[in-house]
Structures are given as structure tokens and as C-alpha cells.
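# An overview of the molecular structure
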Amino acid sequence: MAQPRQISASEIADAVAQLFLKANHELPDDMVDAIGQACRREGNALARQVLERLEDNLHAARDMQIPICQDTGMAVVFADVGNLVCVCDGTLEEAINAGVARAYRDGALRCSVVRDPLYGRVNTGDNTPAVIHISTHAGDDLRLIAAPKGFGSENMSALQMMTPAATEEDVADFVTEQVRRAGSNPCPPIVVGVGIGGNFESVALLAKRALLRPVGSANPDAAYAALEGRLLQRINRLGIGPQGFGGDTTAFAVHIEQAPTHIAGLPVAVNISCHVTRHAQAVL
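On a predicted model such as this, the values are computed, not experimentally measured, just so you know.

## Section: the pattern of salt bridges
According to the stated counting rule, one finds 16 salt bridges in the structure shown. Between Asp14 and Arg102 there is a salt bridge, with its nearest N and O atoms 2.4 Å apart. Of this pair, Asp14 sits in helix H1 (residues 9-25) while Arg102 sits in helix H4 (residues 92-106); the two residues are 88 residues apart in sequence, bridging distant segments of the chain. Of the residues examined, Arg102 reaches a relative accessible area of 31% and is grouped as partly exposed. Between Asp71 and Arg110 there is a salt bridge whose closest N-O contact spans 3.4 Å.

## Quick word on the nonpolar core
Judged by nonpolar contacts, the single largest core of 28 residues is most densely connected at Ile12, Phe20, Ile96, Val100, Leu142 and Leu144. Every element with two or more residues in this core is listed here: H1, strand S2 (76-82), H4 and strand S5 (142-146). The greatest single-element share of this core, amounting to nine residues, is contributed by H1. Grouped together as the second largest cluster of nonpolar side chains are 25 residues, Val179, Val192, Ile196 and Val268 included.

## Some thoughts on the side chain of Ser273
Within the secondary structure layout, Ser273 lies in strand S9 (residues 266-273). Residue classification places Ser273 among the buried residues on the basis of a relative accessible area of 4%. A polar contact is formed between the side chain of Ser273 and the side chain of Thr277, at a distance of 3.0 Å. Excluding residues within four positions of it along the chain, Ser273 makes contact with Lys149, Ser153, Ile190, Val191 and Leu211.

## Quick notes on the environment of Gly125
Within the fold, Gly125 resides in the loop between H4 and strand S4 (131-137). Along the chain, Gly125 and Val113 lie twelve residues apart, while their C-alpha atoms are 7.6 Å from each other.

## Here's the deal with the sheet that holds S5
With respect to topology, four strands assemble into an open sheet ordered S4-S2-S5-S10, the strand pairing being mixed. The strands lining the two open edges of the sheet, one partner per strand, are S4 and strand S10 (280-283). Mean inter-strand twist for the sheet, computed between neighbouring axes without regard to direction, equals 15°. Direction of pairing for S2 relative to S5: antiparallel, over a ladder of five bridges. Its bridge partner lying in S5, Ala79 is registered against Leu144. Most of the contacts of H4 go to S4, to which it runs at about 130°, and overall it touches S2, S4 and S5.

## Re the packing of helix H6 (residues 168-182) against helix H8 (residues 222-236)
Running from N to C, H6 and H8 cross one another at 40°; their axes reach a closest spacing of 10 Å. By the criterion of interaxial angle, the relationship of H6 to H8 is oblique. Judged by the twist between their axes, the crossing of H6 over H8 is right-handed. Seen from H6, the contacting residues are Glu168, Glu169, Ala172, Asp173, Val175, Thr176 and Val179; seen from H8, they are Leu227, Arg230, Leu231, Arg234 and Ile235. Split by residue class, the contact of H6 with H8 holds six nonpolar, one polar and five charged.

## Here we look at the side chain of Ser153
Its location among the elements puts Ser153 in helix H5 (residues 151-154). Excluding residues that lie within four positions of it along the chain, Ser153 makes contacts with Pro186, Ile272, Ser273 and Cys274.

## Re H1
Look at H1: 24 Å from first C-alpha to last across 17 residues, which is about the 24 Å you get at 1.5 Å a residue. Counting buried positions over the 17 residues of H1 gives twelve, a clear majority of the element. Burial in H1 covers these residues: Ala9, Ile12, Ala13, Ala15, Val16, Ala17, Leu19, Phe20, Leu21, Ala23, Asn24 and His25.

## A closer look at unusual backbone geometry
Glycine aside, the phi torsion of most residues is negative, and most peptide linkages are trans. Looking along the chain, the bond that leaves Thr128 and enters Pro129 is cis, with omega of 5°. Along the chain, Pro129 falls in the loop between H4 and S4. Phi at Asn127 takes a positive value of approximately 65°, unusual for a residue other than glycine. As for its placement among the helices and strands, Asn127 is situated in the loop between H4 and S4. Here Asn127 falls in the buried class, since its relative accessible area comes to 0%.

Reading the values: rules and limits
Just so you know, the residues in each chain are numbered from 1, in the order the chain's sequence is written. Local features in this predicted model are restricted to residues of pLDDT 70 or higher, and side-chain atom pairs are both shown and tallied only at a pLDDT of 80 or more, whereas totals for entire chains, interfaces and linings draw on every residue. Hydrogens and water are ignored here; the side-chain numbers use all heavy atoms of the structure. Here, a salt bridge means any Lys or Arg side-chain nitrogen found within 4 Å of an Asp or Glu carboxyl oxygen. Secondary structure elements follow DSSP: runs of H or I no shorter than four residues count as helices, runs of E no shorter than two count as strands, and numbering proceeds from the N terminus. The buried label applies to any residue whose accessible area, calculated with a 1.4 Å probe on protein chains only, is under 20% of its type's maximum; exposed applies above 50%, and partly exposed to all values in between. Side-chain atoms within 4.5 Å are what join buried Ala, Val, Leu, Ile, Met, Phe, Trp, Tyr and Cys residues into a set we call a nonpolar core. Pairs of N or O atoms within 3.5 Å make up the polar contacts considered here, provided that, within protein, one atom can donate a hydrogen while the other can accept it, and that residues adjacent in sequence are counted only when both atoms are side-chain atoms. Contacts are residue-level and defined by heavy atoms, with any inter-residue pair within 4.5 Å sufficient. Pairing between two strands requires that DSSP report at least two bridges joining them. For helices, the fitted axis covers only the stretch in contact; all axes are lines through C-alpha atoms, and the angles between them, taken along N-to-C directions, range from 0 to 180 degrees. By definition in this entry, angles of less than 35 degrees are roughly parallel, angles greater than 145 are roughly antiparallel, angles of 65 to 115 are roughly perpendicular, and the rest are oblique. The crossing is said to be left-handed when, going from far helix to near helix, the turn is anticlockwise and less than a right angle, and right-handed when the turn is clockwise. Charged residues are taken to be Asp, Glu, Lys and Arg, nonpolar residues to be Ala, Val, Leu, Ile, Met, Phe, Trp, Tyr, Cys and Pro, and polar residues to be all remaining types, Gly included. The span you would expect from a helix comes to 1.5 Å times its residue count less one.

Spelled out as C-alpha cells, the structure:
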């Protein structure tokens, strides 16, 4: 019989702190490659210059170990917990928040979280509490993804509870319209996460999870993969371009995640991420 494995809260906190520092200082290789490829194929001279400056900024942040963007994001953590894992000396949530606090306070990352959203918007001082999504799997490891999310792009999110009569074209129109309305606000080029299915709350999480996929990776379902490609073409034809200055590259990718839904509905969510779609992961 498999034996439980203990992971200390302090080890989890250490890992989370390092992940948020890394995510804010260095983009994943797929994002770096996406910016470089866009720079080489961009036909608009001004847009190409903007992309070159974005590349310069990435290199400077990595080399100097400073934030890529001044908005170091609200801390989002995906924790996939093995069924044999036992967190000792504290809870998983406490450990994650301790790691977030350490990264943002000691790592000189901007703290952007206010304790009350409507009345007395006072900064918590350490960017906690984090937004934590917990799932489980069979095994004795803990898989962590840190995804700091800036609000210039987060504010451009949208959700629509469509009816079952909605068509593929209706979905495509909704997604494209959200990007058009967002314009330069989310600091394009962007990655567009789309959730389809589930219910009101889960469709938003699908869209958020879609942003964690490698840039340009296709949905395993051929129909959804084709829709991703079609949406990317439509969005890039909007001509918003890098930082809103026009050009061929408004989005690097459109990623769709789908889930079963109720017979009476068709939820669709759009979660836009900026050109610094940040995340870092570790397995304990």
C-alpha cells in the first residue's frame, strides 16, 4: 500500500516565493519565442520597432533580475495536490500566502491587493491573499503554478451566458468584439484565453487556465483547434497591433478550453493576457 508523503508548509512557501520572483523576472521560453517571431514577421515598421523594444525589456528584466512590468500582478496559484500528500506544520493555503508575501515584500515586487474591494480600499502590504485554485491527482507530489496577473489585461475580461441556439459564429463574434473593445488597454500583443461550457464560475476558470498553455499549442479537439486558428486570424486583422500602434500582431495566440455544460446554456468567457503572459511552475 502506498505511503503518505509529508511536505512541510515552509518548503511550499519557499517554492511559491521563488516561483513568483521567477515569473515576474523571466518569461517562459514560448512567450520569448513568440515575441521574437512576431518581430521578424511584422510588416509594419513602427510595430516592429515596438516589438524590438519589448524584446529589449525582456532581456533587461532577466539580466538585472527586475520586474518585466511595473504591475507585478495579483497572485494566482494553481495547486494540483497528489492524494498521498500531507502538508505538515500548516495548511496549504497558509503556506501559499506566506510564499506570496515573502516574494512581494522581500523581492520588492509591487503590492497591488486591497483588503476590501468597495469600502476602504487599503493595501494589504504584501499582495495577499492569493487567488488559489486547488485540484487533485493520484500521486505523492505537489504541482504548483504561479501566475501573476496584471489588471490592465484582467480588466478586459468578459463573460456571456449564451443560449444553446448560439452558433460558432456567435462565439467568434463575441470573442473578437471583446478584443476590439479592449484596444490597447491590455498592452498587446496579447494571448486570448477562451472558456466554453461549464457554468458561470467554471467557464471563467477555463479561460484563465487556457492562458497557461504553451503559446500557439492547439486544442486537441480538431474543431476547437480550427476555431482557435480562425479567431487568431480575425483578431490580428483588427490592426490594433503592438501597444495599440497598429500592425499585423495584435495577438500571439488564442487558446480555447471547453467543458460539458447544461442543456439550457452555452457559457463563454474571455480572459485576455498582455504580452507578458507570466507563469512559472515547480513540482515538489
